[in-house]
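Chains, contacts and geometry: an overview
Listed below are the residues making up each chain.
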Amino acid sequence: MKAEILPTDTPDQFQAAVQRAAELLRAGEPVALPTETVYGLAANALDADAVARLYQVKGRPAHNPIIVHVAGVEMARRCVAEWPEAAERLARAFWPGPLTLVLPRSAAIPDVVTAGGPTVGVRWPRHPVMQAVIRACGFPLAAPSANLASRLSPTSAEHVRAQLGERIRLIVDGGSCAVGIESTVLDLTARPPRVLRPGMITAESLAAVLGEVALPDSPAGAANEPLRSPGLLEKHYAPAAPLVLMEWRDEAELYRQLAALAAGRTAPLRVHLLVHTRIPAGTAPAGATSNVTLERVAVIPQDAEAFARALYAELHRCDLSGAELIVVESPPRGPEWRAIADRLRRAAARSLSASGG
Ligand code: TXA
Ligand code: MG
């Protein structure tokens, strides 16, 4: 199987792509679609067999529930057993947009979507292609990110093709994702509501609408509790190359740290660097180790929204160009950087030695 990639640049292309996607989805076939966060691998959320194929295509463990995407509050309400005042207020403030609300599921939602659990995550995405496909189908779409399990989420049609191109029939190209990292997941069944996965809609913004909001469990605490959101497992969202977060005052300190990481190697370590403030000059300072080659330096603006938009594309690029180690300058602190810090921490959860080189 080889995925067809349909563009959406002109009104005719847009209509044709939406029709083709809806046709395959009605037949129970998975289709990769753009959303404003990351690309999703979609299936009819009301068809258990169609959803089961998503787990199969992704190699996703069956205990991880899938977000249901809707095209309006009406459709969201049909997926849930209760639509509390808090959901109504959040939908008014943030939908369509990168916010997933976890609520008690309705009888319409099959077990395979919720991994057998009593709740369902619902989201009204902002991307026009996704909205048009849901409306054309008339049913909600279950859609995890369109990557292989525990790999990096795709933010372009090309990223999807690289991972799933041989496993699905259609990828609709809606351009690069405007948000760039996955939605904020908020558990509205908890008291107070709890952020299960941070995203670009911050806990502070949610609290401005809701009053009190709890932050994600600390990784240490989560280990002792039942898995509330299995997607919060460490080692998710990882590029192929190992990634480390680093801080340095000057280039000499940067190279000292790189040399320590490359110690004992016979060939120079091919390092790719992602920086936002401390941009190194082209040449290594005198006396720097010869055990490290700084192959590429990517500069991402020190602006949380721009950083999130660029991050996965940069990490995908590191993988494609054969980086052996990705070094990321530690992001600034502050609420708007929390989701980025979370994804980077997960990407870094694997050690250099454990990667097998
Ligand atoms: O931005 C996004 O959310 C993207 C786009 C495609 O919408 N989707 C996405 O889906 O990231 P996925 O499957 O890769 O991640 C969904 C996350 C997982 O961490 C999952 O455990 C959690 O949401 N989740 C889904 N349903 C849940 C539920 N009922 N209760 C708790 N967590 C849930
Ligand atoms: Mg995912």
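This section reports on the structure supplied with the text.

Calculation rules
- Residues numbered from 1 in each chain as written.
- Chains lettered and ligands numbered in written order.
- Predicted model: local features only at pLDDT ≥ 70, side-chain atom pairs only at ≥ 80, totals over all residues.
- Heavy atoms only, no water.
- Helix = DSSP H or I, 4+ residues; strand = E, 2+ residues; numbered from the N terminus.
- Rg over C-alpha atoms; globule rule 2.2 N^0.38 Å.
- Buried < 20%, exposed > 50% of the residue type's maximum accessible area, 1.4 Å probe, protein only.
- Contact = heavy atoms within 4.5 Å.
- Areas by Shrake-Rupley, 256 points an atom, 1.4 Å probe, with all protein chains shown as cover.
- Lys, Arg positive; Asp, Glu negative; His and termini not counted.
- Charge placed at Lys NZ, Arg CZ, Asp CG, Glu CD.
- Arc of directions from axis to C-beta.
- Pairing = 2+ DSSP bridges.
- Axes fitted to C-alpha atoms, helices over the stretch in contact; angles between N-to-C directions.
- Salt bridge = Lys/Arg side-chain N within 4 Å of Asp/Glu carboxyl O.
- Core = buried A, V, L, I, M, F, W, Y, C linked by side-chain atoms within 4.5 Å.
- Near = heavy atom within 4 Å.
- Polar contact = N/O pair within 3.5 Å; in protein donor to acceptor, adjacent residues only side chain to side chain.
- 1 Å grid on protein atoms, 1.4 Å probe; cavity = no way out; pocket = protein on both sides within 12 Å on 5 of 7 lines; lining within 4 Å.
- Points joined across faces, edges and corners; volume = space filled by probe spheres on them.

Assigned secondary structure in the protein consists of 12 helices and 14 strands. Compactness check: the protein gives a C-alpha radius of gyration of 21 Å against a globular reference of 21 Å for 357 residues, within 12% of the reference. Here the C-alpha coordinates of the protein stretch approximately 65 × 45 × 35 Å along the principal axes. Buried residues in the protein amount to 53% of all 357 residues. Excluding contacts between residues fewer than 6 apart, the proportion of contacts in the protein whose partners are at least 24 apart in sequence is 70%. Accessible surface, the protein as shown: approximately 15000 Å² in total, 52% of it carbon and sulfur. One way to put it: in the protein the 37 positive side-chain charges average out to a point 2 Å from where the 36 negative ones average out.

Right, let's talk about helix H8 (residues 203-210) for a bit. Of the positions making up H8, those classed as buried are Ala203, Leu206 and Leu210. An end-on view of H8 places all buried positions within 60° of arc, on one side of the element. Looking at the buried positions of H8, the neighbouring elements they touch are helix H4 (85-94), strand E5 (99-104), strand E9 (184-187), strand E10 (194-197) and helix H12 (338-347). Two residues or fewer past H8, Gly211 is found with a positive phi of approximately 90°.

One open sheet accounts for four strands, arranged E11-E14-E12-E13; its pairing is parallel. The sheet terminates laterally at strand E11 (243-246) and strand E13 (292-299), the two strands that pair on one side only. Each strand axis lies, on average, 25° off the axis of its neighbour in the sheet, ignoring direction. In the sheet, E11 pairs with strand E14 (residues 325-329) via four bridges, with the strands oriented parallel. Looking across to E14, one finds that Met246 is bridged to Glu329.

So, about the side chain of Arg60. Mapped onto the elements, Arg60 comes out in the loop between helix H2 (48-58) and strand E4 (68-69). For the buried Arg60, no salt bridge is present, and the opposite-charge side chain at shortest range is Glu182, 9.6 Å distant. In contact with Arg60, other than residues within four places in its own chain, are Tyr55, Pro65, Ile66, Pro144 and Ala149.

This part is about the nonpolar core. Among the nonpolar cores identified, the biggest contains 70 residues, and Leu33, Leu101 and Leu186 are the most heavily contacted of them. No other element matches helix H1 (residues 11-26), which puts seven residues into this core. Discounting residues that sit within four places of it in the chain, Leu186 has contacts with Leu90, Leu99, Thr100, Leu101, Val102, Pro193, Arg194, Val195, Leu206, Leu210 and Val213. Of all hydrophobic cores here, the second largest spans 24 residues; its members include Cys318, Ala323, Trp337 and Leu344.

Let's shift gears to the site of ligand 1. For ligand 1, the set of nearby residues contains 25 residues, the closest of which are Thr37, Arg60, Asn64, His69 and Ser183. Separating an oxygen atom of ligand 1 from a side-chain N or O atom of Arg60 is a distance of 2.8 Å. Ser183 is positioned with one of its side-chain polar atoms (N or O) 2.6 Å from an oxygen atom of ligand 1. Notes on ligand 1: free accessible area 680 Å², of which the protein chains cover 97%. Secondary structure elements with two or more residues in the shell around ligand 1: strand E6 (119-123) and E10.

A few words on empty space enclosed by the protein. Enumeration over the complete set of coordinates arrives at one cavity of 30 Å³ or more. Volume-wise, the largest cavity comes out at about 60 Å³. Every residue along the wall of the largest cavity is listed here: Thr184, Val195, Pro198, Gly199, Ile201, Thr202, Ala203, Leu215, Pro335, Arg338 and Ala339.

Time to look at the pairing of E10. Two strands pair when backbone bridges link them, and E9 and E10 are joined in this way by three bridges, in the antiparallel orientation. Its bridge partner lying in E10, Asp187 is registered against Arg194. Connecting the antiparallel pair E9 and E10 is a turn made up of six residues.

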